[in-house]
Amino acid sequence: MHRHAVVSSTATEPVLWAMQQDTAFTLEKNLGALGDGGAVTTNDEYLAEKVRTLANYGSRKKYIFEYHGYNSRLDEIQAAILNVKLIHLDKDNQRRKR
């Protein structure tokens, strides 16, 4: 998987047409949290369901594990930081281009 910086857009169409993309929210990125974080986006429902299952310990139903999964949830503090930074993303990206 490739890690990309986030590009904001006010267009009605998605920024990227792809089966899957993952994004790291590491501090050096333009949309970075203050700790670990990341996201996977996809337009493929099968892949989306598999990623959700893997991020929930490999389980869709309580105590039934289909895969060896992980506890991969963004904590509330990191989500709050990213929500605030997302508001300023377009302006920050323009400043970074100079």
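Rules used in this analysis
- Residues numbered from 1 in each chain as written.
- Predicted model: local features only at pLDDT ≥ 70, side-chain atom pairs only at ≥ 80, totals over all residues.
- Heavy atoms only, no water.
- Helix = DSSP H or I, 4+ residues; strand = E, 2+ residues; numbered from the N terminus.
- Buried < 20%, exposed > 50% of the residue type's maximum accessible area, 1.4 Å probe, protein only.
- Contact = heavy atoms within 4.5 Å.
- Core = buried A, V, L, I, M, F, W, Y, C linked by side-chain atoms within 4.5 Å.
- Arc of directions from axis to C-beta.
- Salt bridge = Lys/Arg side-chain N within 4 Å of Asp/Glu carboxyl O.
- Patch = residues over 30% accessible without salt bridge, like charges linked within 9 Å, V, L, I, M, F, W, Y side chains within 5 Å.
- Areas by Shrake-Rupley, 256 points an atom, 1.4 Å probe, with all protein chains shown as cover.

### Looking at unusual backbone geometry
Leaving glycine out, the prevailing phi sign among residues is negative, and the prevailing peptide bond configuration is trans. Look at tyrosine 57: it is not a glycine, yet its phi comes out positive at around 60°. With respect to the secondary-structure elements, tyrosine 57 resides in the loop between α1 (45-55) and β3 (59-61). Non-glycine residue tyrosine 63 carries a positive phi angle of around 70°. Within the secondary structure, tyrosine 63 is located in the loop between β3 and β4 (64-65).

### Describing the environment of phenylalanine 65
Mapped onto the fold, phenylalanine 65 is located in strand β4. A relative accessible area of 52% places phenylalanine 65 in the exposed class. With eleven residues separating them in the primary sequence, phenylalanine 65 and leucine 54 have C-alpha atoms 9.4 Å apart. For phenylalanine 65, the contacting residues outside a window of four places in its chain are Tyr57, Gly58 and Ser59.

### Thoughts on the nonpolar core
Of all hydrophobic cores here, the largest spans five residues; its members are Phe25, Leu31, Ala33, Leu82 and Leu89. With near-sequence residues (within four places) excluded, alanine 33 lies in contact with Phe25, Thr26, Leu27, Gln78, Ile81 and Leu82.

### Remarks on helix α3 (residues 89-97)
Those residues of α3 lying buried are Leu89, Asp92 and Asn93. On an axial view of α3, the arc spanned by its buried residues comes to 100°, and they lie on one face. Buried residues along α3 sit against α2 (76-87).

### A word on the pattern of salt bridges
Per the counting criterion, the structure on display carries five salt bridges. The partner of glutamate 49 in a salt bridge is arginine 60, with the nearest N and O atoms 3.8 Å apart. Placement of the pair is glutamate 49 in helix α1 and arginine 60 in strand β3, with a sequence separation of eleven residues. Linking arginine 60 and glutamate 66 is a salt bridge whose minimum nitrogen-to-oxygen distance equals 2.7 Å. Using a relative accessible area of 37% as the deciding quantity, one classes glutamate 66 as partly exposed. Sharing partners across several salt bridges, the network here consists of Glu45, Glu49, Arg52, Arg60 and Glu66.

### Some words on a nonpolar patch on the surface
Together, Tyr57, Tyr63 and Phe65 line one region of the surface with nonpolar side chains, adding up to about 410 Å² of accessible area. Classification of tyrosine 63 by relative accessible area gives exposed; the value is 67%.

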